[in-house]
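Residue strings, one per chain:
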Amino acid sequence: MRLRTYWHILKKTFSSPAYYLEVIKAPFWLSLKFFILSMILLGISWALRINQRIIPQLQQQSEAILKELADNYPENLQLVWTGERIEITPLEILEIQYPTHLKIGLQLPPRLAYLSPDEQTPEQFDEKFANESLFILTPRYLYLNNLRDSWTAMLLTELLPTDPATLSKETLPNYLDQVKLFISRLVTFTQRAIYIVLPAFSIFVMLWVGLIESIFMYLFFKFNQIKLNFKKTYQLSLHLMVVAETINQLTSWLYPKVQLPMFVLSFWIILLYIFWTQRKKFSLLKS
C-alpha cells in the first residue's frame, strides 16, 4: 500500500463517520492491507512502551531483590547439592519472607517458602509449618502451591544439574553475578525480539478479536434491520479496531494505572456514534 493511500484512509478512519459508509463499498483487501500495516505500527508502539517503561522497571526490581538476598542471606545457612539431594544446614526449618521490593497480591500465601532439612509430605505441611507458603523445599523435592489446596511435587534431580554445588554466604555473590549476567542477556534479547514478535502477535490476535466483535456487530445490524453481510461487517471492524487499539495504547501511555477495558469501550462507543450520526444513510441499507 502506498504511503499516500494509507495516510488518506487513516485520516478518514479517525475523522469522518461518513467514511465508514464508503468502507462498505470499498474492496475488502484494501481494508485488510490498511489493518495489517496499522497493526504493525501499533505493535512497534507497544514494543516501544514495554522497552521504555516495563522492562526497565522489572530490571530495577530484580536488581533490588538480588541485593536484598545478598544482604539478608543467613550467615550460617548452607545448601549443599550432591547431585541427588540437597543437604540443608542448620538442621532446622527456615521460613523465607517475600522480598520487600516484590508486590504481592492478596491471593498469594503469606510466606514465600520454607526450607526443610527433612523430607515432608503435603499431608504434614499444616502441622510442620506455621503459615501457608508458595514453595516448600525438602532434600529431594520442590513443592509448588497450586493455590487450590493442593501441591505439585517436582524432583530436584529433574530441575538441577548433576554437578555438585554449594550455596552459602561466601559463594552467593558468584551465583548472583551469574544471575545478573543472565538477566542482562535476557533483557537485551527481549528488547530486540519484541519489535518482531509484537507486530506479528498483534495482527494474529486482532484478526481473531475482530472476528468475535463482528459477530456481535452483525447481530446488532440485524436487530436494526440493516442489510449488511458478514464480510462487510468484518471489514468495518478492521477500521474500528485500528481506532480502538490506538485509543487503548494512548491510554496506557498517558494513564498506565487505568484499569478500564479501553479497547472494547472505544470500539463500541465509536460504532454507536457512527451508527447514530449516519443513521439516515444506514437506513438506506435496510431490507
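For the structure itself, look to the data block above.
Trainee: Hey, could you run me through helix α6 (residues 172-223) in this one?
Mentor: Owing to its 3.6 residues per turn, the α-helix aligns residues three or four sequence positions apart on the same side. With 52 residues, α6 extends just 67 Å between its outermost C-alpha atoms, more than 12% less than the 76 Å of an ideal straight helix rising 1.5 Å per residue. Along its length, α6 reaches its greatest deviation from straightness, about 40 degrees, at Ile194. Positive backbone phi, approximately 60 degrees, marks Gln225, located one or two places after α6.

Trainee: Could you clarify how one ought to interpret the sheet that holds strand β8 (residues 165-167) in this entry?
Mentor: Backbone-to-backbone hydrogen bonds join strands into a sheet, with any given pair of strands oriented parallel or antiparallel. Ordered in space as β2-β1-β8, the three strands form an open sheet in which the pairing is antiparallel. Two strands close off the open sheet at either side, each with one partner strand: β2 (86-89) and β8. Pairs of neighbouring strands in the sheet enclose a mean axial angle of 15 degrees, with direction left out of account. Pairing between strand β1 (residues 78-81) and β8: three bridges, direction antiparallel. Looking across to β8, one finds that Leu79 is bridged to Leu167.

Trainee: Help me out: how do you make sense of empty space enclosed by the protein in this one?
Mentor: One way to see where empty space is left: roll a probe the size of a water molecule over the atoms. Going through the model one piece at a time under the given rule, you end up with one cavity of 30 Å³ or more. The volume enclosed by the largest cavity comes to roughly 40 Å³. Its residues assigned to classes, the lining of the largest cavity shows five nonpolar, no polar and no charged.

Trainee: How should I be thinking about the layout of surface pockets in this particular structure?
Mentor: Counted as a void, the largest pocket has a volume near 1600 Å³. Lining the largest pocket we find 42 residues, and of these Leu69, Tyr73, Leu79, Ile96 and Leu167 sit closest to its centre. Elements with a minimum of two residues in the lining of the largest pocket: α3 (28-72), β1, β3 (94-96), β4 (111-115), β5 (133-137), α5 (156-159), β8 and α6. It is α3 that contributes the most residues to the lining of the largest pocket, eight residues altogether.

Trainee: What's the story with unusual backbone geometry in this structure? I'm lost.
Mentor: Glycine aside, a negative phi is what most residues show, and trans is what most peptide bonds show. Of note, the amide linkage connecting Thr89 to Pro90 takes the cis form, showing an omega dihedral of 5 degrees. By secondary structure assignment, the location of Pro90 is in the loop between β2 and β3. The phi torsion at Gln225 lies on the positive side, around 60 degrees, for a residue other than glycine. Residue Gln225 is classed as exposed on the basis of its relative accessible area of 52%.

Trainee: I keep staring at the side chain of Glu68 and nothing clicks. Help me out?
Mentor: Residue position: Glu68 is located in helix α3. One buried charge, Glu68, has no salt-bridge partner; the nearest side chain with opposite charge is Lys67, at 9.1 Å. Ignoring sequence-local partners within four residues, the contact set of Glu68 consists of Pro99, Thr100 and His101.

Rules of the game
Residues numbered from 1 in each chain as written. Predicted model: local features only at pLDDT ≥ 70, side-chain atom pairs only at ≥ 80, totals over all residues. Heavy atoms only, no water. Helix = DSSP H or I, 4+ residues; strand = E, 2+ residues; numbered from the N terminus. Expected span 1.5 Å × (residues − 1). Bend = angle between axes of the 7 residues up to and from the residue. Pairing = 2+ DSSP bridges. Axes fitted to C-alpha atoms, helices over the stretch in contact; angles between N-to-C directions. 1 Å grid on protein atoms, 1.4 Å probe; cavity = no way out; pocket = protein on both sides within 12 Å on 5 of 7 lines; lining within 4 Å. Points joined across faces, edges and corners; volume = space filled by probe spheres on them. Nonpolar A, V, L, I, M, F, W, Y, C, P; charged D, E, K, R; others polar. Buried < 20%, exposed > 50% of the residue type's maximum accessible area, 1.4 Å probe, protein only. Lys, Arg positive; Asp, Glu negative; His and termini not counted. Salt bridge = Lys/Arg side-chain N within 4 Å of Asp/Glu carboxyl O. Contact = heavy atoms within 4.5 Å.

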